[in-house]
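Each chain, written out:
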Amino acid sequence: AMPAPAANGAAGRKTRPTPDAKSVDAAASIVDAAKSPFLIVGGGAVDCADAVIAFAERIDADVAVTIAAKGVVPDSHPNCLGATLVQGATQKAIEAADVLIAVGTELAETDLWTDRLPIRGKLVRIDIDRPTLNRDYPPAAALHGDAGQSLAALSAAVARKQASNSRAQARD
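Residues numbered from 1 in each chain as written. Predicted model: local features only at pLDDT ≥ 70, side-chain atom pairs only at ≥ 80, totals over all residues. Heavy atoms only, no water.

Participant: What am I meant to see in the overall build of the protein here?
Facilitator: Within the protein one finds six helices and six strands. Order of helices (α) and strands (β) in the protein, N terminus to C terminus: α-β-α-β-β-α-β-α-β-β-α-α. Here the protein holds 172 residues, and the buried ones make up 51% of them. A fraction of 62% describes how many contacts in the protein between residues 6 or more apart in sequence connect residues 24 or more apart. For the protein, the computed accessible surface area is about 8400 Å², with 54% contributed by carbon and sulfur atoms. (Helix = DSSP H or I, 4+ residues; strand = E, 2+ residues; numbered from the N terminus. Buried < 20%, exposed > 50% of the residue type's maximum accessible area, 1.4 Å probe, protein only. Contact = heavy atoms within 4.5 Å. Areas by Shrake-Rupley, 256 points an atom, 1.4 Å probe, with all protein chains shown as cover.)

Participant: Please clarify how the packing of aromatic side chains should be interpreted in this entry.
Facilitator: Ring pairs (aromatic) are described by centroid distance and by the angle formed between their planes. Enumeration according to the criterion identifies zero aromatic pairs in this entry. Seen from the ring of Tyr137, Arg116 lies directly overhead, with NZ or CZ sitting 4.1 Å from the centre. (Phe/Tyr/Trp six-rings, centres within 6.5 Å; stacked < 30°, edge-to-face > 60°. Lys NZ or Arg CZ within 6 Å of the ring centre and 35° of its normal.)

Participant: Please explain the sheet that holds strand S2 (residues 62–65) as it appears in this structure.
Facilitator: Sheets are built from strands that pair by backbone hydrogen bonding, the pairs being arranged parallel or antiparallel. In space, the six strands of this open sheet follow the order S3-S2-S1-S4-S5-S6, with parallel pairing throughout. Looking at strand neighbours, the two that pair on one side only are strand S3 (80–82) and strand S6 (141–144), the edges of this open sheet. Looking at each pair of strands side by side, their axes are set apart by 15° on average, direction ignored. Pairing of strand S4 (residues 99–103) with strand S5 (residues 122–127) involves five bridges; the strand directions are parallel. Bridge pairing in S5 links Ile101 to Val124. (Pairing = 2+ DSSP bridges. Axes fitted to C-alpha atoms, helices over the stretch in contact; angles between N-to-C directions.)

Participant: Quick question: what am I supposed to make of the pattern of salt bridges here?
Facilitator: This model, assessed by the stated rule, comprises six salt bridges. One salt bridge connects Arg16 with Asp47, and the closest N-O pair in it is separated by 3.0 Å. With Arg16 in the segment before helix H1 (21–32) and Asp47 in the loop between strand S1 (37–41) and helix H2 (49–59), the pair connects residues that are 31 residues apart, well separated along the chain. Looking at Arg16, the relative accessible area reads 22%, which means it is partly exposed. Across the salt bridge formed by Lys70 and Asp75, the nearest N and O atoms sit 3.8 Å from each other. Given the relative accessible area of 48%, Lys70 is considered partly exposed. Three or more residues are tied together by salt bridges with common partners; here these are Arg16, Asp47 and Asp146. (Salt bridge = Lys/Arg side-chain N within 4 Å of Asp/Glu carboxyl O.)

Participant: Explain unusual backbone geometry to me, please; I cannot follow it from the model alone.
Facilitator: Excluding glycine, residues mostly have negative phi values, and the peptide bonds linking residues are mostly trans. Phi angles above zero are rare outside glycine, and Asp60 is one such case at about 50°. Inspection of the secondary structure assignment puts Asp60 in the loop between H2 and S2. Look at Asp136: it is not a glycine, yet its phi comes out positive at around 70°. Within the secondary structure, Asp136 sits in the loop between S5 and S6.

Participant: I'm lost on the packing of H2 against helix H5 (residues 147–157) in this one. Help?
Facilitator: A packed helix pair is summarised by two numbers, namely the angle formed by the two axes and the spacing between the axes. Direction vectors running N to C along H2 and H5 enclose 25°, while the axes themselves pass 9 Å from each other. When the interaxial angle is binned, H2 and H5 end up roughly parallel. In this structure, H2 meets H5 at a crossing whose hand is left-handed. When H2 is examined against H5, the residues Ala51, Val52, Phe55 and Arg58 are found in contact with a partner set consisting of Gly148, Leu151, Leu154 and Ser155. Tallied by class, the residues present in the contact of H2 with H5 amount to five nonpolar, two polar and one charged. (Parallel < 35°, antiparallel > 145°, perpendicular 65-115°, else oblique. Left-handed = near helix turned anticlockwise from the far one by under 90°. Nonpolar A, V, L, I, M, F, W, Y, C, P; charged D, E, K, R; others polar.)

Participant: I'm lost on the side chain of Ser23 in this one. Help?
Facilitator: The topology assignment puts Ser23 in helix H1. Polar side-chain contacts of Ser23 include one of 2.9 Å to the side chain of Asp20. Every residue in contact with Ser23, bar those within four places of it in the chain, is listed here: Ala142 and Leu143. (Polar contact = N/O pair within 3.5 Å; in protein donor to acceptor, adjacent residues only side chain to side chain.)

See below:
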């Protein structure tokens, strides 16, 4: 495993963007309405594991990671399905999710190891790269910003912890 980048980033790097309040509120209302949220975590979230885990626990979402994000959420965490995006059970859980939150992932074939994900629910995308927010899978809400800062803002804006998830189905 490669070490995570330093928290302060490369010397001379511009300040990372933070999502605007209107976008955070829009995403929070979608997440609040979710009955079966699902989180896909990509390499853009490698330096904010605590924020990813706190958000997943807050909304009680199943979490699948891309290969680039392996280890962000430990495989031993009860919400984590691991790097299983190519597996049928995980794809069924994604298809069953009414809200999918994609953090720091392009949702590209190289992230997913499959041509296309069976996304049926509303998609919330969080990425530091603005063009990525609308690539391939148009979102119902998009947060342009650093993954950790965006998740912290969204966690604070989400009203309640969710009660149901699809872990039992995905693990069978």
